[in-house]
Amino acid sequence: MLTEKRVRLVSLAIGVAAALAGCASSAPRSNAKAVSVTELADRYVAAIIALDPTITYFTGVPVPAHDRLAGNSAAAIAEFSAQEDALLKDLATIDEAALVGTPDWKTFVAMKEGLESDRGLRVCHQEGWSVSHMGGWQVTLPQTAEAQPVGTPLARKEALTRWSGLEAYLDNDITNLRHGLEQGYAAPKSVVNRVLQQLDGILSASTEESPFYSPAARDDDAAFKREFAQLLTDRINPAIRHYREFLANEYLPRARDTLALSALPDGERCYAAQLRAQTTLTRSPREVYELGQRTVAANEAHVAELGQRLFGTSDIKTIIKKVDDAPANHFASEQALFDFSRSMLVEAREKSAALFATMPSQDAVVEPVPDYQRGSGVNASYEPNPDASKPGVYRIALEEWKKQTQGAAEVTLVHETWPGHHLQIAFARSEQAAHVSAKLSFNAAYVEGWARYAERLADEVGIYRTDYARISQRIWPARGMVVDPGIHLFGWSRKQAVDYLVASGRFNETTAEATVDRIAVMPAQLTAYDSGGLEIMALRAEAEKALGARFDLREFHSQVLEHGMVPLPALRTQVETWVRAKLSQR
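Residues numbered from 1 in each chain as written. Predicted model: local features only at pLDDT ≥ 70, side-chain atom pairs only at ≥ 80, totals over all residues. Heavy atoms only, no water.

## Brief notes about the sheet that holds strand S3 (residues 392-396)
In a beta sheet, neighbouring strands pair by backbone hydrogen bonds and run either parallel or antiparallel.
Moving on, step 1. One open sheet accounts for three strands, arranged S1-S3-S2; its pairing is mixed. Unpaired on one side and paired on the other, strand S1 (364-368) and strand S2 (381-383) mark the two borders of the sheet. In this sheet, adjacent strand axes meet at a mean angle of 30° when their direction is disregarded.
Moving on, step 2. Pairing of S2 with S3, which is carried by three bridges, proceeds in the antiparallel orientation. Looking across to S3, one finds that serine 381 is bridged to arginine 395. (Pairing = 2+ DSSP bridges. Helix = DSSP H or I, 4+ residues; strand = E, 2+ residues; numbered from the N terminus. Axes fitted to C-alpha atoms, helices over the stretch in contact; angles between N-to-C directions.)

Structural data, given as structure tokens:
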């Protein structure tokens, strides 16, 4: 899983900057429309970096020196929206049909997708209920602190200026949240309590252990260390404490008891916009819900067959109980879970190589979640590293080792690393300029869809060590397409959602509760996994049928991966174009 809004902007900045670099290094073009696409992309990335210059730390995009945090005031948000509207107006003057098949077409469709989905999401007014244990500032800004450049006089000056701005940043956030409350927007109480736990973890840390101390910890200048420590003591921690007091004393009493997005103003329209943004498709919530139910039924039929072979029963509840209760499917300690994940990471990379024409050189490592996030409901996740000489990081919540099963750990590792998120993102970054124009925007349906598809690939190539993993892998997919709209639109209670998750065998009560709160603050995101995964599997099946013996799985994977994070309709166009080209060859 990848954090949403920031990652969308980060991925967008990577792609646009790469596309612009590619255009600058390529031969001159005579097509005036192509130049227009490039100019619009230039404006788009400039607007994004102006809104949040810190994303450059996560992309490697070279920009002039900067010393501020993201703009989160009402004025900054309004200005960015106006720039998006102007870009959409200009984008509408370009004939997309004339671009199909060119690198500029991929730039066009990715930029259009990002702009249109952002405009649609304005109905949600998310700045007014942004409290989130998954992607709130208390999660993302410590990552910024860790990425903050140091080691030079200029970098030290920038660091001090930037983090002196945290007070104003948090004041803006409080202003946004107060305005949200006045307009009827609020985060769920359960989520607010999770955020309070994270804030307590930050505030209880010593100066040197604070996640915000990272710039000083990584710099050798003694005077800078002292000055930054003073800044942390005198201004950063008091600002965080002030925010925590606001959250506990003023916001929590007015937070909502419900989880459903439909409880907020224009909630149903907001959910439809979230669904469109997350999946890049125009399916209605009802269509997603019913497709999920059909897919879950098909997966359960497959699990029943596995259960009959392994346990002599086809009853789903009995199969899941046998899997959950198997001593060999559990860990003896945190260290055992950690060691298992590290060793399997090596195997996963080795066995993935058979599925791809080339493999990215960037490594991946396993690390625990930061101490201040322990027990707060943060899921395992992947953190990309824009520096290919350094590894991407798969973070796991080791404190859940007693309830974690080996089968689920295997599936999650595959999803987040090889051949899942890490491979896809590292592959995209390793591509030459001829292919980078597709890396313009983040969409969860492509990224999470690939990772879901990768779970099935892992079974095909023998990455999973146990039948427990094979059952875990098939029992969960598509349930997100059911429970997510179930919570937000179709009247599911918290207990109903938790019971549904626990019944899958992939969740215990604790992790199911955390997942329900994740659904509450990341509406429709859980539908993206299988919306994308099912589409990639469908495209593969169609290509195999059309090409027969001429179908090459590694070549198909190249078609899916080499063009970057494109919307699903554009991905279908790419694959179908490849199939037609193959069929036309003698």
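## Some thoughts on the environment of glutamate 167
Moving on, step 1. For glutamate 167, the location among the structural elements is in helix H7 (residues 166-183).
Moving on, step 2. You can call glutamate 167 partly exposed: its relative accessible area is 29%.
Moving on, step 3. The spatial distance from the C-alpha of glutamate 167 to the C-alpha of tyrosine 243 is 9.3 Å, given a sequence separation of 76 residues.
Moving on, step 4. Polar contacts involving the side chain of glutamate 167 include one to the side chain of arginine 235, which spans 2.6 Å. (Buried < 20%, exposed > 50% of the residue type's maximum accessible area, 1.4 Å probe, protein only. Polar contact = N/O pair within 3.5 Å; in protein donor to acceptor, adjacent residues only side chain to side chain.)

## Here we look at the environment of glutamine 278
Moving on, step 1. Note on placement: glutamine 278 falls in helix H11 (residues 267-279).
Moving on, step 2. As for glutamine 278 and arginine 518, which are separated by 240 residues in sequence, their C-alpha atoms are 15 Å apart.

## Description of unusual backbone geometry
Moving on, step 1. In this structure, proline 419 follows tryptophan 418 across a cis peptide bond, with omega equal to 0°.
Moving on, step 2. One non-glycine residue, aspartate 266, adopts positive backbone phi at about 55°.
Moving on, step 3. Mapped onto the elements, aspartate 266 comes out in the loop between helix H10 (222-251) and H11.
Moving on, step 4. Since its relative accessible area comes to 40%, aspartate 266 is described here as partly exposed.
Moving on, step 5. At threonine 280, a residue that is not glycine, the phi angle is positive and equals roughly 60°.
Moving on, step 6. Threonine 280 gets classed as buried once you look at its relative accessible area, which sits at 4%.

## Observations regarding the pattern of salt bridges
Moving on, step 1. Under the criterion given, the structure shown has 32 salt bridges.
Moving on, step 2. A salt bridge links lysine 321 to aspartate 325; the shortest N-O distance between them is 2.8 Å. Here the residue lysine 321 and the residue aspartate 325 both occupy positions in helix H13 (residues 316-325), the gap between them amounting to four residues, near one helical turn.
Moving on, step 3. On the basis of relative accessible area, lysine 321 is assigned to the exposed category, the value being 52%.
Moving on, step 4. Across the salt bridge formed by arginine 540 and glutamate 460, the nearest N and O atoms sit 3.0 Å from each other. Linking arginine 540 in helix H22 (residues 525-547) with glutamate 460 in helix H17 (residues 444-461), this pair joins segments that are 80 residues apart in sequence. (Salt bridge = Lys/Arg side-chain N within 4 Å of Asp/Glu carboxyl O.)

Keep in mind these numbers describe shape, not what the thing actually does.
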